[in-house]
Amino acid sequence: MSTKEELKNQILKFVAGLDEQVLPTEAERDELRALCDQLCPHTPTPRPIDNQEVAEGVWVTRFASFGVKHSEGQPLQHDTNLTFQSFGKLPSAPVRVHKLHQEIEQSSKAYNNVVFVSNAAGDTDAIIVMEGVYSGDDENPQRYSVAFQKVSLKSANGLSDDAMRAAFGIEGDAPLSKEFRPPKLHSDIVYVDDDLRINYGGLGGFYVLQRTTEPGFSVPLNH
């Protein structure tokens, strides 16, 4: 078995052994980051921005160290607020995060974060879609400069907007979708192959994602 395969297997085994409802310890984060640092030089796609079909797809987050204050101390599945999940653009309402997907589509240059949530009572499911577009960086072929510009709260079960507001405790006719001026963000795809992707974020976080066969929710992806 090659060094790359050994390291990849260690990473996959490591993240599979984590409890998504329990915050990893600092030692666990350091150990995983060290494994990622060792694997990254072995990436079969050192210039992903020039080979966008490799990064395209629906990816499920297996580990996330977010690098931002309101989320850094949280496991993957955690209680948070709709406002925190939307750059402050959507109304304040408690939500429970269950799963994170990222959907990348090369023809539209979509780079969308899809967050599967439920309301505080746990009886209504919804999806937060943070829509972004990516562009390349001439000096860093691993860097995806991402402009997030629209966020929406959508029902997972076909509920009307009014029913969604009632379920999540959102008052009046507050909008469930909002466009905004994109903040300047970037994320480096430091490793990517057929089923594993590792990103180092511009805010200091790092992420381990696996490709999933689930269809895209925000863009038409089926691979």
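Keep in mind that what you see is a predicted model, and the values were worked out from it rather than measured. (Residues numbered from 1 in each chain as written. Predicted model: local features only at pLDDT ≥ 70, side-chain atom pairs only at ≥ 80, totals over all residues. Heavy atoms only, no water.)

Comments concerning the overall build of the protein chain
Line of reasoning, step 1. Secondary structure summary: the protein chain contains 5 helices and 10 strands in total.
Line of reasoning, step 2. For 223 residues, the compact-globule estimate of 2.2 N^0.38 gives 17 Å, and the protein chain sits close to it at 18 Å.
Line of reasoning, step 3. In terms of principal-axis extent, the alpha carbons of the protein chain reach across some 55 × 35 × 30 Å.
Line of reasoning, step 4. Looking at the protein chain residue by residue over its 223 residues, the buried ones come to 46%.
Line of reasoning, step 5. Taking contacts inside the protein chain between residues at least 6 apart in sequence as the whole, the part at least 24 apart equals 62%.
Line of reasoning, step 6. Carbon and sulfur atoms make up 47% of the accessible area of the protein chain, which totals about 11,000 Å².
Line of reasoning, step 7. One finds the centroid of the 21 positive side-chain charges in the protein chain at a distance of 4 Å from the centroid of its 32 negative side-chain charges. (Helix = DSSP H or I, 4+ residues; strand = E, 2+ residues; numbered from the N terminus. Rg over C-alpha atoms; globule rule 2.2 N^0.38 Å. Buried < 20%, exposed > 50% of the residue type's maximum accessible area, 1.4 Å probe, protein only. Contact = heavy atoms within 4.5 Å. Areas by Shrake-Rupley, 256 points an atom, 1.4 Å probe, with all protein chains shown as cover. Lys, Arg positive; Asp, Glu negative; His and termini not counted. Charge placed at Lys NZ, Arg CZ, Asp CG, Glu CD.)

Section: the nonpolar core
Looking at soluble globular proteins, one finds that nonpolar side chains tend to be buried together.
Line of reasoning, step 1. Residues Leu82, Val117, Tyr144, Leu153, Phe168 and Ile170 are the most contacted members of the largest nonpolar core, which totals 34 residues.
Line of reasoning, step 2. When contributions to this core are tallied by element, the ones reaching two or more residues are strand E1 (57–65), strand E3 (94–105), strand E4 (110–119), strand E5 (125–135), strand E6 (143–155), helix H5 (161–168) and strand E8 (185–192).
Line of reasoning, step 3. The greatest single-element share of this core, amounting to 5 residues, is contributed by E6.
Line of reasoning, step 4. Leaving out residues up to four positions away in the same chain, leucine 153 has contacts with Leu82, Leu90, Val117, Ala126, Ile127, Ile128, Met164, Phe168, Ile170 and Leu176. (Core = buried A, V, L, I, M, F, W, Y, C linked by side-chain atoms within 4.5 Å.)

Concerning helix H2 (residues 26–39)
Line of reasoning, step 1. Taking 1.5 Å as the rise per residue, H2 with 14 residues should run 20 Å; its terminal C-alpha atoms sit 20 Å apart, in good agreement.
Line of reasoning, step 2. Among the residues of H2, Leu32, Leu35, Cys36 and Leu39 are the ones counted as buried. End-on, the buried residues of H2 take up no more than an arc of 100 degrees, which puts them together on one face. Turned more than 90 degrees from where H2 packs its buried face, Glu26 and Ala27 sit exposed.
Line of reasoning, step 3. Residues of H2 that are buried in the fold lie against helix H1 (3–16), E1, E8, strand E9 (196–201) and strand E10 (206–211). (Expected span 1.5 Å × (residues − 1). Arc of directions from axis to C-beta.)

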